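Now for the letters of each chain:
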Amino acid sequence: MTLRFRPELEGVTESPLVQVATLAERTPGCIKLCYGEADLPTPEFIVRAAHDAALAGHTFYTHTAGVPELREAIAAKVHELHGVEHRPSEIICTVGGSMAIYLAIRAFVGSGDNAVIVSPAYAIYVNGVVMAGGEARQVPLARGASGFTLDVERIANAIDARTRMIVVNSPSNPTGWMITETEQRALAELAAQHDLVILSDEVYERLTFSVETAPSFSRVMAAPADRDRLIVINSFSKTYNMTGWRLGWAQASERTIRVMYAAAEFMTSNPTAMVQQAGIVALRGGEDSIRELRAHLAARRDQVIAALGALSRITLLPSQGAFYAFLGIDGLTNSAQLASTLVREAGVALAPGAAFGQSGEGHMRLCFAATENTLAEALQRLGTHSAFD
Ligand SMILES: Cc1ncc(COP(=O)(O)O)c(C=O)c1O
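Keep in mind that this is a model prediction, so the values were computed, not measured.

Caption draft 1: Examining the domain arrangement of the protein chain more closely. Its domain assignment divides the protein chain into domain 1 (7-42 + 288-381) and domain 2 (60-285). With centres defined by C-alpha atoms, the gap from domain 1 to domain 2 works out at 24 Å. Counting residues at the interface gives 34 residues for domain 1, matched by 38 residues for domain 2. Surface buried jointly by domain 1 and domain 2 totals about 3,100 Å² across both partners, of which 59% is contributed by carbon and sulfur atoms. Broken down residue by residue, the surface that domain 1 buries against domain 2 is led by R294, L317 and Q320, which jointly contribute 22%. Between the two partners, domain 1 and domain 2, sit 1 salt bridge. Between E212 and R294 there is a salt bridge whose closest N-O contact spans 3.9 Å. The interface formed by domain 1 and domain 2 includes 15 residue pairs in polar contact (both at pLDDT 80 or more). If you list the elements that add at least two residues to the side of domain 1 that touches domain 2, you get α1 (7-10), α13 (287-308), β12 (324-329) and β15 (363-367). Top contributing element to the side of domain 1 that touches domain 2 by residue count: α13, with 6 residues.

Caption draft 2: Expanded view of the packing of aromatic side chains. Considering all chains together, one arrives at 8 aromatic pairs under this definition. Plain terms: the ring middles of Y204 and Y324 are 5.8 Å apart, the flat faces sit at 80 degrees to each other, and that makes the pair edge-to-face. Within this pair, whereas Y204 is found in the loop between β8 (197-201) and α9 (217-220), its partner Y324 is found in strand β12, the two being separated by 120 residues in sequence. We classify Y324 as buried; its relative accessible area is 0%.

Rules of the game
- Residues numbered from 1 in each chain as written.
- Predicted model: local features only at pLDDT ≥ 70, side-chain atom pairs only at ≥ 80, totals over all residues.
- Heavy atoms only, no water.
- Domains from an automatic or database assignment.
- Contact = heavy atoms within 4.5 Å.
- Buried area = accessible area lost by both parts, 1.4 Å probe.
- Salt bridge = Lys/Arg side-chain N within 4 Å of Asp/Glu carboxyl O.
- Polar contact = N/O pair within 3.5 Å; in protein donor to acceptor, adjacent residues only side chain to side chain.
- Helix = DSSP H or I, 4+ residues; strand = E, 2+ residues; numbered from the N terminus.
- Phe/Tyr/Trp six-rings, centres within 6.5 Å; stacked < 30°, edge-to-face > 60°.
- Buried < 20%, exposed > 50% of the residue type's maximum accessible area, 1.4 Å probe, protein only.

Spelled out as structure tokens, the structure:
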């Protein structure tokens, strides 16, 4: 029979990252710094909370948007960090931040619409827009001597009558760029001017180096008139080393959340019941472990700078948040090919910059959320490879 797949799904291309990861899995001794997660286990008190919750009977369906106690704990944390109040009805808990991103895009973008995506960026946004039947318009960050900055004019020029959303991720995967409040205000103004929604992915907000918490759009857009224009995405994955648990959330106006959870009801329904209970415990008692993680990541970031920062072929802008070094490599035009070469010749897997859009080409992303010895060995291998020195 002829299988007539929907073009929206056929348009989702396999990431070059998957190819590198597959090759790395098949290569004995290869150090994998290509994934977007730490190699640290989930803190024990969180694991115990899930275990206890399962034994205590948290094994049934819950409200699609998550149990009220979890939504209240999220609201309390957002208030503690950013001074902004949310009602539980303005929060939906989801199967990872990924599901929240998809629901948010699906709620606003469809056939004939477009979304402007600040890039280089995690491929989920482009593919979410494509799966929703829309057009993804990637707009690169500007690059100065001291780091990346938002090019507001370029973003304004990408907007037209069918633009429904601006997507921005800060601290950024893959660049480590962190948006300033001034830049947030400029985007909020653009959104108001063109009647758009901002999708702000803040999953790395706690993993920062010069401040305790990254600036959140929820603060800059706290006024009632702005609230309808904002969806903030967050997750337990990175903050608490909980990638495999699949728990995230979105904050938005009540009417946006209502549309998102109507859709979630018939896709995943609620996130896993005992994982929600573990999430409550993580939010209430996780500050010490976050502080430790932040200190660990800061030391690993310095380790990368010390090893690769002075190499003549490498441009390394200091990361302000998240756990990636986005290495510019002199003369590099095919990052996917270099990623395979490095697996075979150096025994290190890095993510090719092209996996984050055209503006990422010429770069390799190194995830430095690894233990000190693993990272030291990988950096030693890379530093002596001809692509790097
Ligand atoms: C920027 C960004 N957003 C969202 C996610 C999704 O996280 P999760 O679905 O595990 O919450 C990731 C994961 O790598 C990410 O890097």
